[in-house]
There are 2 protein chains.
Amino acid sequence: MYIETSKRSLIKGVSWRFVATTTTIIIVYVFFGRLDLAIAAGVLETFAKIFLYFFHERIWQRIKFGRQRIDPFNLWFTGLPLSGKTTLADAVFSELKKSDIPLERIDSKDIRDVIPNVGFEREERHRHLTRVGHLIKTLQNNSVSSIASFVSPYKESRQVINDMTNNYVEVYVKTSLETCKQRDYKGVYQKALSGELKNFTGISDVYDNPESPHIIIDTDTQSIEQATATIVQFVKKHYMP
Amino acid sequence: MYIETSKRSLIKGVSWRFVATTTTIIIVYVFFGRLDLAIAAGVLETFAKIFLYFFHERIWQRIKFGRQRIDPFNLWFTGLPLSGKTTLADAVFSELKKSDIPLERIDSKDIRDVIPNVGFEREERHRHLTRVGHLIKTLQNNSVSSIASFVSPYKESRQVINDMTNNYVEVYVKTSLETCKQRDYKGVYQKALSGELKNFTGISDVYDNPESPHIIIDTDTQSIEQATATIVQFVKKHYMP
């Protein structure tokens, strides 16, 4: 985010006044053929408009019409491991970032990299997500929207996120367990099946299917482009004026 | 944060053009006494200036002079329990918030309320502060500065915060242990001395004195008003253009 220094505003204002008044002088001269009077009119105009512009701005500051408070959203991707949450969330982020709104991308992996050794037991997962909820809430206090991708397998964790944040939009990335297993490029499903990874969602831990997500994406039948377009359209329609 | 809708910008633009051109017409009429020509000049001016204003804006968008990226700071209060960190940080926050910069207040207590049962053992404290560092970093990514107050007793935790965040300003609230004990309105020092509270900084856990804080506040000799003024002045001088 940028701010404009007072110096820049001042110089820009003087620059515009120069352009505007020169135009007036030329027009008046063309119409009346008297350069001296045209210049006198220009000088008078300069002073008059500096004051008028000031009052015009002050009056408009009191007019509420057309001023909208930025109303940040929290786009939340949930789904099985390797269901495609991160890929999809990244694509949606790139697309929405073009609109130049304050927006933060939050991914499970990035957070777990910062704070290692967070467990995958039910209670630990829930605490972890409550922290993420607090992070998103703090961002929202400062007008920043978020795009978050977390397995978030438990209904109660998603409910907490919903309660903590405004404009919670749940995207259920509904990829079948079979497809996720086939995609197993990280070898994590293999490790979960062999018992090397404990509490693995879909294998040795539950995934509560979302009951009323705002958007359902079936990656077995929809392309990333289609899915991205659907989600972007939803967010733009509901949360971007 | 607010945004201006296109409708508001358009109506405001037309409103100013009306005021500006009416002024021109009046001036020209006063100088030359020909209302018909004055109106014709006004009409010509209206069209000319709509285009000129557009190009003037486009040219200024390419001029970098006077555009400053907001460079968020992280004002970090450290000190013994009841040293006065929260009171002082709150006062500084109220003062700096007047400048209308994006600013978030983060207090140890608020964070511990959201995520209860965070321990006070050395490792737990350190992980807790690393999370806070991540929160501040994420805010900074979005141009938001922060005012944080945490006992943060260990040198290594403060170092991590320093490394994770930009423009780290350390305020050491240097209140003597005796004064803190006397202030014991929460009865926490009493509980720590009796052994009811474990790992209590200053009693049963270490406080590493900051080695090179940016600001030292001695609440035994300085009033809150004096201390607030000192800190606000420092921040304004270094981080607010």
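Keep in mind that what you see is a predicted model, and the values were worked out from it rather than measured.

**Side note on the overall build of chain A**
So, step 1. Per the secondary structure count, chain A includes nine helices and seven strands.
So, step 2. Against the compact-globule benchmark of 18 Å for 241 residues, chain A has a radius of gyration of 28 Å, which places it well outside the compact range.
So, step 3. When its C-alpha atoms are laid out on the principal axes, chain A stretches across 95 × 35 × 30 Å.
So, step 4. The buried share of chain A, taken over its 241 residues, is 46%.
So, step 5. Long-range pairs, those at least 24 residues apart, make up 77% of the contacts in chain A between residues at least 6 apart in sequence.

**Let's talk about helix α5 (residues 122–141) of chain A**
In an α-helix there are 3.6 residues to a turn, and that puts residues three or four apart on one side.
All names here are of chain A.
So, step 1. Taking 1.5 Å as the rise per residue, α5 with 20 residues should run 28 Å; its terminal C-alpha atoms sit 29 Å apart, in good agreement.
So, step 2. Most of α5 is tucked away: 14 of the 20 residues are buried.
So, step 3. Positive backbone phi, at 70 degrees, marks S143, one or two positions downstream of α5.

**Comments concerning the domain arrangement of chain A**
So, step 1. Split into domains, chain A comes out as domain 1 (12–62) and domain 2 (74–239).
So, step 2. Domain 1 of chain A and domain 2 of chain A are separated by 57 Å when their C-alpha centres are compared.

**Comments concerning the interface of chain A and chain B**
So, step 1. Each side of the interface is counted separately: chain A has 63 residues, and chain B has 63 residues.
So, step 2. Summing the contributions of chain A and of chain B, the shared interface buries around 6,300 Å²; its carbon and sulfur component is 70%.
So, step 3. Counting the contacts that link chain A with chain B gives four salt bridges.
So, step 4. For E45 of chain B, the salt bridge is made with K49 of chain A, and the minimal N-O distance between the two is 3.7 Å.
So, step 5. Taken together, the connections running from chain A to chain B amount to 24 residue pairs in polar contact (both at pLDDT 80 or more).
So, step 6. Mapped by element, the contributors of at least two residues to the side of chain A that touches chain B are β1 (2–4), α1 (6–32), α2 (35–62), β2 (67–69), β4 (103–107), α4 (108–114) and α5 of chain A.
So, step 7. Sorting elements by how many residues they give to the side of chain A that touches chain B places α1 of chain A first, with 14 residues.

**Brief notes about the relation of the copies chain A and chain B**
So, step 1. For the pair chain A and chain B, the best superposition has an RMSD of 0.2 Å and corresponds to a rotation of 180 degrees with a translation of 0.2 Å parallel to the axis. What the superposition gives is, in effect, a two-fold axis relating one chain to the other.
So, step 2. Most of the interface of chain A is mirrored in chain B, where 100% of its interface residues again form contacts.

**Quick notes on the sheet that holds strand β4 (residues 103–107) of chain B**
All names here are of chain B.
So, step 1. Spatially, β4-β5-β3-β6-β7 is the arrangement adopted by the five strands of the open sheet, whose pairing is parallel. One side of each edge strand has no neighbouring strand; the edge strands of this open sheet are β4 and β7 (215–217). Strand after strand, the sheet turns through a mean of 15 degrees between neighbouring axes, direction not considered.

**Section: the packing of aromatic side chains**
So, step 1. Overall, the coordinates contain 15 aromatic pairs over all chains when judged by the stated rule.
So, step 2. With a centroid separation of 6.4 Å and 40 degrees between ring planes, the pair formed by F31 of chain A and F32 of chain A is classed as tilted.
So, step 3. Geometrically, the ring pair formed by W76 of chain B and F150 of chain B is stacked, given 5.1 Å between the ring centres and 10 degrees between the ring planes. You can see W76 of chain B sitting in strand β3 (residues 74–78) and its partner F150 of chain B sitting in the loop between β5 (145–149) and α6 (155–164), a full 74 residues away along the chain.
So, step 4. Within the aromatic cluster, the residues linked to one another by ring pairs are F31 and F32 of chain A together with F31 and F32 of chain B.
So, step 5. Just above the ring of Y207 of chain A sits the side chain of R158 of chain A; from NZ or CZ to the centre is 5.6 Å.
So, step 6. For the cation-ring pair, R112 of chain B lies above F120 of chain B, with the distance from its terminal atom to the ring centre recorded as 3.9 Å.

Here is what the cut-offs are and how they apply
Residues numbered from 1 in each chain as written. Chains lettered and ligands numbered in written order. Predicted model: local features only at pLDDT ≥ 70, side-chain atom pairs only at ≥ 80, totals over all residues. Heavy atoms only, no water. Helix = DSSP H or I, 4+ residues; strand = E, 2+ residues; numbered from the N terminus. Rg over C-alpha atoms; globule rule 2.2 N^0.38 Å. Buried < 20%, exposed > 50% of the residue type's maximum accessible area, 1.4 Å probe, protein only. Contact = heavy atoms within 4.5 Å. Expected span 1.5 Å × (residues − 1). Domains from an automatic or database assignment. Buried area = accessible area lost by both parts, 1.4 Å probe. Salt bridge = Lys/Arg side-chain N within 4 Å of Asp/Glu carboxyl O. Polar contact = N/O pair within 3.5 Å; in protein donor to acceptor, adjacent residues only side chain to side chain. Least-squares fit on C-alpha atoms with pLDDT ≥ 70 in both. Pairing = 2+ DSSP bridges. Axes fitted to C-alpha atoms, helices over the stretch in contact; angles between N-to-C directions. Phe/Tyr/Trp six-rings, centres within 6.5 Å; stacked < 30°, edge-to-face > 60°. Lys NZ or Arg CZ within 6 Å of the ring centre and 35° of its normal.

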